[in-house]
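Geometric and topological summary
Chain by chain, the residues:
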Amino acid sequence: MTFDDIFKSSFQEKITSVSLFDMALALTLAFGIGLFIFFIYKKTYQGVMYSSSFGTTLLALTMITTVVILAVTSNVVLSLGMVGALSIVRFRTAIKEPLDIAFLFWAIAAGIVLAAGMIPLAVIGSVIIGIVLLIFVNKKPHSNPYIVVLSCADSASEKEAEAFLEKQVRKCVVKSKTAQKGAIEVNLEVRLDSDSTDFINALSEISGVRSAVLVSYNGDYMG
């Protein structure tokens with residue numbers, strides 16, 4: 001067996017294992033679904049700082065996964081080598097929003113399903129997932145949660161302020177309390193009956209209340 005025979009059997013025959021039409025179709029659909037995932041991510045993002053680079057990553061991840069799976073499905077030996085190569089890859093970027101994990105898995109799953117030839121499943125499944133996310137993520141709660149930060153001089157002013165606050169809001173729950181000599185700070189979660197926040201002005205006028213701060217938050221509290 002000559003070198004030309006070895007080269008022909010190990011390389012040239014693999015070139016035609018995936019047709020150009022299949023590659024073009026899979027990558028075009030991956031690009032379209034990746035754009036759709038990017039669009040849904042942009043519409044449903046509720047974090048503090050929107051990152052366009054993460055949205056671009058979702059688009060690229062869909063196409064990259066499609067390319068990898070196309071290569072793996074065309075050759076068994078290559079698939080085993082790919083598993084070994086990808087096993088050393090570690091994703092070390094911290095995920096701040098839990099929903100970002102769902103988008104990452106969505107992009108990867110779409111690429112895998114497309115490369116496997118299940119085009120209707122990839123397209124229809126992505127559309128359904130996108131609609132579900134748009135409905136439930138953008139669904140506004142009945143009342144937005146707020147945090148009231150009270151700074152009081154003593155226990156008497158603290159009790160008076162809390163009693164006043166309970167009459168002005170629908171719900172009032174103490175989340176944390178810090179006491180120092182001559183100063184008490186209380187963080188309370190409140191649910192408003194209306195959009196009016198004038199009660200904070202009256203709260204700050206109570207004797208012994210040094211300051212009253214109203215902060216909107218998403219329901220996750222670390223204290």
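Data block above holds the structure.
The structure contained in this document is the topic of the report that follows.

**Considering the packing of aromatic side chains**
For any two aromatic rings, the description comes down to two numbers: the centre-to-centre distance and the angle of the planes. Applying the stated criterion across every chain yields a total of five aromatic pairs. Pairing Y41 with F54 gives two aromatic rings, centres 5.1 Å apart and planes at 50 degrees, and the pair type is tilted. Here Y41, found in helix α2 (residues 20-44), pairs with F54, found in helix α3 (residues 52-74); they are 13 residues apart in sequence, far enough to count as distant. For the pair Y41 and F54, a shared accessibility class is recorded, and that class is buried. With a centroid separation of 5.9 Å and 35 degrees between ring planes, the pair formed by F103 and W106 is classed as tilted. Separated by three residues within a single helix, F103 and W106 lie in helix α5 (residues 98-115), roughly one turn from each other.

**Some details on the nonpolar core**
V148, L150, L165, V190 and L203 are the most contacted members of the largest nonpolar core, which totals 18 residues. Broken down by secondary-structure element, the contributors of at least two residues to this core are β1 (145-152), α7 (155-168), β3 (183-191), α8 (199-204) and β4 (209-216). What L165 contacts, discounting residues up to four positions off in sequence, is V148, C172, L188, V190, F199 and L203. Counting residues in hydrophobic clusters, the runner-up holds 17 residues, among them I40, F103, L104 and W106.

Rules used in this analysis
- Residues numbered from 1 in each chain as written.
- Predicted model: local features only at pLDDT ≥ 70, side-chain atom pairs only at ≥ 80, totals over all residues.
- Heavy atoms only, no water.
- Phe/Tyr/Trp six-rings, centres within 6.5 Å; stacked < 30°, edge-to-face > 60°.
- Helix = DSSP H or I, 4+ residues; strand = E, 2+ residues; numbered from the N terminus.
- Buried < 20%, exposed > 50% of the residue type's maximum accessible area, 1.4 Å probe, protein only.
- Core = buried A, V, L, I, M, F, W, Y, C linked by side-chain atoms within 4.5 Å.
- Contact = heavy atoms within 4.5 Å.

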